[in-house]
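Residue-level structural notes
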Amino acid sequence: MAQTLILDPDIILMDEPFSAPDIQTRQLMENELLDLWAAKCKAVLFITHDLDEAISMSDRVVVLAAGPGTHPIGEFAIDLPRPRDVAEIRSHPRFVELHAQI
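These notes cover the structure that comes with them. All chains use their own residue numbering, which begins from 1 and follows the written sequence. A pLDDT threshold of at least 70 governs which residues receive local features in this predicted model, and a stricter bar of 80 or more applies before side-chain atom pairs are shown or counted, although totals over entire chains, interfaces and linings include all residues. With hydrogens and water excluded, all non-hydrogen atoms of the structure serve as input to the side-chain values.

**Brief notes about the pattern of salt bridges**
One side-chain nitrogen of Lys or Arg within 4 Å of one carboxyl oxygen of Asp or Glu is enough to make a salt bridge. Applying the stated criterion across every chain, the model contains ten salt bridges. The salt bridge partner of arginine 26 is aspartate 50, with a shortest N-O separation of 3.0 Å. Residue arginine 26 is found in helix H2 (residues 23-40), and its partner aspartate 50 is found in the loop between strand S2 (43-47) and helix H3 (51-57); the two are separated by 24 residues along the sequence. Residue exposure (1.4 Å probe, protein chains only): buried if accessible area is under 20% of the type maximum, exposed if over 50%, otherwise partly exposed. The class for aspartate 50 is partly exposed, based on a relative accessible area of 24%. Here glutamate 30 makes a salt bridge to arginine 90, at a shortest N to O gap of 3.8 Å. Pair noted here: glutamate 30 is in helix H2 and arginine 90 is in the loop between helix H4 (86-89) and helix H5 (93-101), with a separation of 60 residues, a long-range link. The exposure class of glutamate 30 is buried, given its relative accessible area of 1%. By sharing partners, the salt bridges in this structure join Arg26, Glu30, Asp50, Glu53 and Arg90 into a single network. Segments assigned H or I by DSSP are reported as helices when at least four residues long, segments assigned E as strands when at least two residues long, and all are numbered from the N terminus.

**What to know about the environment of proline 81**
Among the structural elements, proline 81 can be located in the loop between strand S4 (72-77) and H4. With a relative accessible area of 43%, proline 81 lands in the partly exposed category.

**Digging into the environment of isoleucine 47**
Inspection of the secondary structure puts isoleucine 47 in strand S2. Judged by relative accessible area, isoleucine 47 falls into the partly exposed class, the value being 38%. For isoleucine 47 and aspartate 15, which are 32 residues apart along the polypeptide, the C-alpha to C-alpha distance reads 4.7 Å. Contacts between residues were defined by any pair of non-hydrogen atoms, one from each residue, lying within 4.5 Å. Apart from the residues lying within four places of it in its own chain, the contact partners of isoleucine 47 are Met14, Asp15, Glu16 and Pro17.

Interpretation note: all reported values are geometric properties and have no functional meaning in isolation.
Structure below.
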């Protein structure tokens, strides 16, 4: 992530960057990314299979169809308050509502 940020790109592409660490390290890294995003105001395209992660970190979630020839099948605005802590936001009533809706 440091190598990407030093180049100061307009958009940061992340494909499941936190899938391998344990849950504590994962949440720490997710919060660090949210802090960096808030400080730098960069666009981030974040790919994940984890719906909790998608909702807790995003402003918008796009759901793709499974299989070959994938295509968007849903788009959801995430209107949770910021700043966010990824562990705390998951108990927010709106998070639960969005999770059920998506």
